Amino acid sequence: MKHWTIIIALLLSGLASRAQAPALRPLPDYAFAHFERNQLIIPGDSTAMERFFCKMDSVIQMGQGNLSILHIGGSHVQAGTFTQQFRDNLISIGNDLMGGPYFLFPFTAGGTNNPSHYVIHSTGEWLYCRNAVRRDTDKRMGLAGAAVTTTDNTASIQIIVRERYPSHCPPRYEFNKVTLIGYSETENVVPLLGCDGDTLLGLPIDTLSQYVFELPDYIDSICIFFDTVEGEFTLTGVLLENDLPGISVHGVGVNGASVPSYLRCDDFERDLELVKPDLIIFGIGINDAAEKDFEKETFKQNYAELIDIMQRVNPDCALLFVTNNDSFKRKRVKKKRVYEVNPNGKVVQQAFMEMAKDYGGAVWDQFDVMGGLKSMQAWEKAGLAQKDKIHFTRDGYKLMGDLLYNALIESYIQHTKHNAKQ
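Residues numbered from 1 in each chain as written. Predicted model: local features only at pLDDT ≥ 70, side-chain atom pairs only at ≥ 80, totals over all residues. Heavy atoms only, no water.

*Asks:* Could you clarify how one ought to interpret a negative patch on the surface in this entry?
*Replies:* The grouping of Glu-291, Asp-293, Glu-295 and Glu-297 at the surface amounts to a negative patch. Of note, Asp-293 is situated in the loop between strand E16 (279-283) and helix H7 (296-313). (Patch = residues over 30% accessible without salt bridge, like charges linked within 9 Å, V, L, I, M, F, W, Y side chains within 5 Å. Areas by Shrake-Rupley, 256 points an atom, 1.4 Å probe, with all protein chains shown as cover. Salt bridge = Lys/Arg side-chain N within 4 Å of Asp/Glu carboxyl O. Lys, Arg positive; Asp, Glu negative; His and termini not counted. Charge placed at Lys NZ, Arg CZ, Asp CG, Glu CD. Helix = DSSP H or I, 4+ residues; strand = E, 2+ residues; numbered from the N terminus.)

*Asks:* Mind showing me how you'd approach the sheet that holds strand E15 (residues 246-253) here?
*Replies:* In any sheet, the strands associate via hydrogen bonds between backbone groups, in a parallel or an antiparallel arrangement. In spatial order, the strands read E1-E20-E17-E16-E2-E15; together these 6 strands make up an open sheet with mixed pairing. What marks the edges here is a single partner per strand, and that holds for strand E1 (40-41) and E15. The pairing of E16 with strand E17 (residues 318-322) spans 4 bridges and is classified as parallel. Bridge pairing in E17 links Leu-279 to Ala-318. Sheet contacts for helix H4 (residues 81-91): strand E2 (66-73), E15, E16 and strand E20 (362-364); angle to E15, the most-contacted strand, approximately 175°. Across the face of the sheet, helix H8 (residues 344-359) comes into contact with E1, E17 and E20 while running at roughly 175° to E17. (Pairing = 2+ DSSP bridges. Contact = heavy atoms within 4.5 Å. Axes fitted to C-alpha atoms, helices over the stretch in contact; angles between N-to-C directions.)

*Asks:* Even after reading the chapter, I still don't get the nonpolar core, so can you show me in this structure?
*Replies:* Across soluble globular proteins, you tend to see nonpolar side chains buried next to one another. With 75 residues, the main nonpolar core has Ile-72, Val-178, Leu-240, Phe-268, Phe-282, Tyr-303 and Phe-321 as its most contacted residues. Tallying contributions element by element places H7 first for this core, with 7 residues. Apart from the residues within four sequence positions on either side, Tyr-303 is in contact with Val-259, Phe-282, Gly-283, Ile-284, Phe-321, Phe-352 and Met-355. With 46 residues, the next largest nonpolar core counts Met-56, Leu-399, Ala-407 and Tyr-412 among its residues. (Core = buried A, V, L, I, M, F, W, Y, C linked by side-chain atoms within 4.5 Å. Buried < 20%, exposed > 50% of the residue type's maximum accessible area, 1.4 Å probe, protein only.)

*Asks:* Sorry if this is basic, but what is going on with the pairing of E15 here?
*Replies:* Counting buried residues along E15, 7 of its 8 residues qualify, which places the element largely inside the surrounding structure. Pairing of E2 with E15 involves 8 bridges; the strand directions are parallel. Across the sheet, the residue bridging to Gly-73 is Gly-253, located in E15.

Here's what the structure looks like:
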């Protein structure tokens, strides 16, 4: 028995030694920032994060299983660069970490901005709705927080996935299963899928709200279209899947979205089951804090409802709260546009610290790391933030992705060192 124990231990150590050690991303040196304080803060119970890191061990070191991460927020996430930089860094840890499920929404079909790591081409007329606009909520929405609706027989949406992988990884994301999430007021409207010259009819499940397509081979692009549209069809999300082990990072963000925006999505919990996250990165708060009647306790109560939904889907998921970036409010004084600092950034910072303690979560204190109150002016001057003093430039978002990755990996390295001593 002892002999086999030694052999198994040697095999495991050999696999571990072949796994590429996670490397931190190099960071620039800015006097106005506090990059030396870039870390995950766990003010309470660390059990959930340790459980996540243990699963991360299995994926990175053993090449087994799939790690599912959901990054949810507003325009910072819809822009795509922040989430994608974080994801690119994670999958660069090893050669085979491309991962399985990949949730997305065709924003360009609705006439709004789309993340750059996938391309949408559409034909025909599509009506766009989003959860941040109250008058749009007559349309049922789900995890994506958005919907596109058509009554046009010529309507189609083509999706082309183009990843920005490091040089040693395959320059593509391929999938062999597609789930279209949507609904129609009549059974006569059924979406079709075009791929590599073939037309596929999906298997409708869940009372015609999800259409599953099993593909004959791995591909990297599809086209959604219809034989005929008698009535209307509403698309609320697309899930691309493969059966490969690795890390999946789903970016869900809607311009202008607050916590109540996602609570208004009737199918949010149902869709969340499709990605079943092991780690949820909460980046919602910048739009909540911009409201005139913003109150910390109301903010926390809204988050409690959202967390309850998340934990019903996966009670073991780890929670990571991202504090708001420093921001300014725009107002007019004597017909002139002026900006004043938004003091609610510090209030949200405190609220997330309290929630992390209550729920056994972690905090990435973006507000402090970037320099605290009024630091957004320095980020703008350095070319890292836009003139609205709310959003970042592409370089700024990429830097945020590097910072979040480094903070997570620093904690993961500490986890591996601690386990190695035991």
